[in-house]
Amino acid sequence: FTRSRQGIGDVTLSAQRRLGSEGVWALAGHIKLPTGSIRNLSGSGAIDFGLNLLWQQPITDTPGWSWRGGVGVVALGESDLALVDQSGLAWVAHGEVRYRLNRRVDLGGRIEGHGALTDSNLEILGSPALWLVTGGEIRISPQWRLHISVTEDIKVESAPDVTFNLGLQHKF
């Protein structure tokens, strides 16, 4: 884990549905497909499923600001990574503050974490992880959004040191 790695990671497909008419709560599900490489540690080699309960609310008396969060669980698939027993469940959680810069751009910061992914003595795999995500979202059209962010580990050695993220979202 001391050399720099680069490449495309695993791909996640997700869907989300608001609960109730006010849109404060939502239920989200996802499937992670093993498109990354186990060899350069950009993928797990497993198909994972997740379910999250999400919450979002404007911050009162501060136009443009909102906060959101979520908690959930991920069912981890069996990994092809040697010496790792990844199957099981892990908790996930996040909290985020966002600012609407203009009608097309949001900026934000988020703290994310998850439970241990394996029963390993390696801290990066066998202990809870905590990281900071900073970035933004560009509304390309009413249906399309581009997400750009940088992730930095807060709990050192529990997650990759830094990752650069690019996501494309389509609303149906």
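See above for the structure.
A few points on the structure. (Residues numbered from 1 in each chain as written. Predicted model: local features only at pLDDT ≥ 70, side-chain atom pairs only at ≥ 80, totals over all residues. Heavy atoms only, no water.)

1. Some details on the side chain of Lys32
In step 1: Tracing the backbone through its elements, the reader meets Lys32 in strand S2 (residues 25-33).
In step 2: Classification of Lys32 as buried rests on a relative accessible area of 14%.
In step 3: Of note is the side chain of Lys32, whose polar atom sits 2.8 Å from the side chain of Asp10. (Helix = DSSP H or I, 4+ residues; strand = E, 2+ residues; numbered from the N terminus. Buried < 20%, exposed > 50% of the residue type's maximum accessible area, 1.4 Å probe, protein only. Polar contact = N/O pair within 3.5 Å; in protein donor to acceptor, adjacent residues only side chain to side chain.)

2. Description of the pattern of salt bridges
In step 1: Within the structure shown, the criterion is met by 12 salt bridges.
In step 2: Two residues, Asp106 and Arg100, come together in a salt bridge whose shortest N-O distance is 2.9 Å.
In step 3: Since its relative accessible area comes to 7%, Asp106 is described here as buried.
In step 4: The partner of Arg139 in a salt bridge is Asp106, with the nearest N and O atoms 3.2 Å apart. Here the residue Arg139 occupies a position in strand S7 (residues 129-139), and Asp106 occupies one in strand S6 (residues 105-114), the gap between them amounting to 33 residues.
In step 5: Salt bridges sharing common partners tie together Arg68, Glu96, Arg98, Arg100, Asp106, Arg110, Glu112, Glu137, Arg139 and Arg145. (Salt bridge = Lys/Arg side-chain N within 4 Å of Asp/Glu carboxyl O.)

3. Structural notes on the sheet that holds S6
In step 1: Read from one edge to the other, the open sheet built from nine strands follows the order S1-S2-S3-S4-S5-S6-S7-S8-S9, with strand pairing classed as antiparallel. Across the chains shown, the open sheet's two edge strands, defined by having one partner strand only, are strand S1 (11-19) and strand S9 (162-170). Between one strand and the next, the sheet's axes are offset by a mean angle of 20°, whatever the strand orientation.
In step 2: Looking at chain direction, S1 and S2 are connected through nine bridges and run antiparallel. Its bridge partner lying in S2, Arg18 is registered against Ala26. (Pairing = 2+ DSSP bridges. Axes fitted to C-alpha atoms, helices over the stretch in contact; angles between N-to-C directions.)

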